[in-house]
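Chain and residue survey
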Amino acid sequence: MWFKSKSPYEGITPDWDWSNLAPLSLDDEDLVQVPWLKYYKEIYSKKQIVLHHTVSGPGIDGDLETWKKFTDHIATCVIIGRDGKINQLFSSKYWGWHLGCGRKDLDSQSIAVELDSWGQLEERGGDFYTVYGTKVEVPVTHYPQGFRGEQNFESYTYKQLKSLGELILLWNKTYNIPLKYNQDMWEVSPKALGGTPGVWTHVSYRPYPQKFDCHPDPNLIALLKNLFLFWGCIVS
């Protein structure tokens, strides 16, 4: 199951409604605490939220095993499963390396969140294959003009984006991180690299072909725009 969009800003799923989102409650049943020690228990003010995706299958075990191999504490605050489950590795007030820029000022003052996803996919004979060569049957977002040299990516799910929206609203309330949609977030952005507060993606900091996350899924863009539309002018 997949859809074609003429541009990264079309192809929105009509019945995905973001108008009723609210900041995540800390006793939400989808919030799961994951035992994890490889992070820095140092408190910094938070200015940015950075969206990533994992390039992996369902579950977080493989992601954690990969991060354990590094000497440095590489991790994101949360990993959101395709089912919307929010796996929290550590409090958002702490930090871990996640950008790969070698800039502690950016990593320590940002909150990183991963969306469980296979990422870019190769189409062969009508079937789709991951970067590992595995054939998968997943919803696919197609970019006819390509995004960072790739035309097909696994689509983010409704439950994932719903949980993401609730988290962004929580962090906006907690740290006053702006909700305004950044049009330049889909390529390397001088504003993101300069520490401008807001919501960004990994590709806002890293050039092609180093990173492909997140891709500009039309439903993700719709979510981010609607967060500002419905919540951007609300004063906590």
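Refer to the structure presented above.
My aim in this report is to walk through the structure given alongside it, one point at a time. (Residues numbered from 1 in each chain as written. Predicted model: local features only at pLDDT ≥ 70, side-chain atom pairs only at ≥ 80, totals over all residues. Heavy atoms only, no water.)

1. Quick word on the overall build of the protein chain
Secondary structure assignment for the protein chain yields 5 helices and 12 strands. Its C-alpha atoms give the protein chain a radius of gyration of 17 Å, near enough to 18 Å, the size a compact globule of 236 residues would have. Its C-alpha atoms put the protein chain at 50 × 40 × 40 Å along the principal axes. Per-residue burial over the protein chain gives 50% buried out of 236 residues. (Helix = DSSP H or I, 4+ residues; strand = E, 2+ residues; numbered from the N terminus. Rg over C-alpha atoms; globule rule 2.2 N^0.38 Å. Buried < 20%, exposed > 50% of the residue type's maximum accessible area, 1.4 Å probe, protein only.)

2. Remarks on the pairing of strand 11 (residues 150-154)
Where strand 7 (residues 120-124) lies against strand 11, 2 bridges are found, and the strand directions are antiparallel. Across the sheet, residue leucine 121 finds its bridge partner in strand 11, namely asparagine 152. By the bridge criterion, 4 bridges tie strand 10 (residues 140-147) to strand 11 in an arrangement that is antiparallel. The residue of strand 11 that forms the bridge with valine 140 is glutamate 154. Connecting the antiparallel pair strand 10 and strand 11 is a turn made up of 2 residues, with arginine 148 showing a positive phi of about 55 degrees. (Pairing = 2+ DSSP bridges.)

3. A closer look at the nonpolar core
Counting 56 residues, the largest nonpolar core has Leu51, Leu89, Leu164, Trp171, Leu220 and Leu224 as its most contacted members. Of all the secondary structure elements, the ones that give two or more residues to this core are strand 3 (48-53), helix 1 (61-68), strand 4 (78-80), strand 6 (110-115), strand 10, helix 3 (158-175), strand 12 (198-201) and helix 5 (218-231). No other element matches helix 3, which puts 7 residues into this core. In this view, leucine 220 contacts Leu51, Tyr156, Leu161, Leu164, Trp186, Cys214 and His215; residues no more than four positions away in its chain are not counted. By size, the runner-up hydrophobic cluster in this structure holds 6 residues, among which are Trp118, Leu121, Val136 and Val140. (Core = buried A, V, L, I, M, F, W, Y, C linked by side-chain atoms within 4.5 Å. Contact = heavy atoms within 4.5 Å.)

4. Considering the environment of threonine 201
Structurally, threonine 201 is set in strand 12. Of the residues examined, threonine 201 reaches a relative accessible area of 0% and is grouped as buried. Note: C-alpha distance between threonine 201 and alanine 112 (89 residues apart in sequence) is 9.1 Å. Those residues in contact with threonine 201 that sit more than four places away from it in its chain are Val50, Leu51, Met185, Trp186, Asp213 and Cys214.

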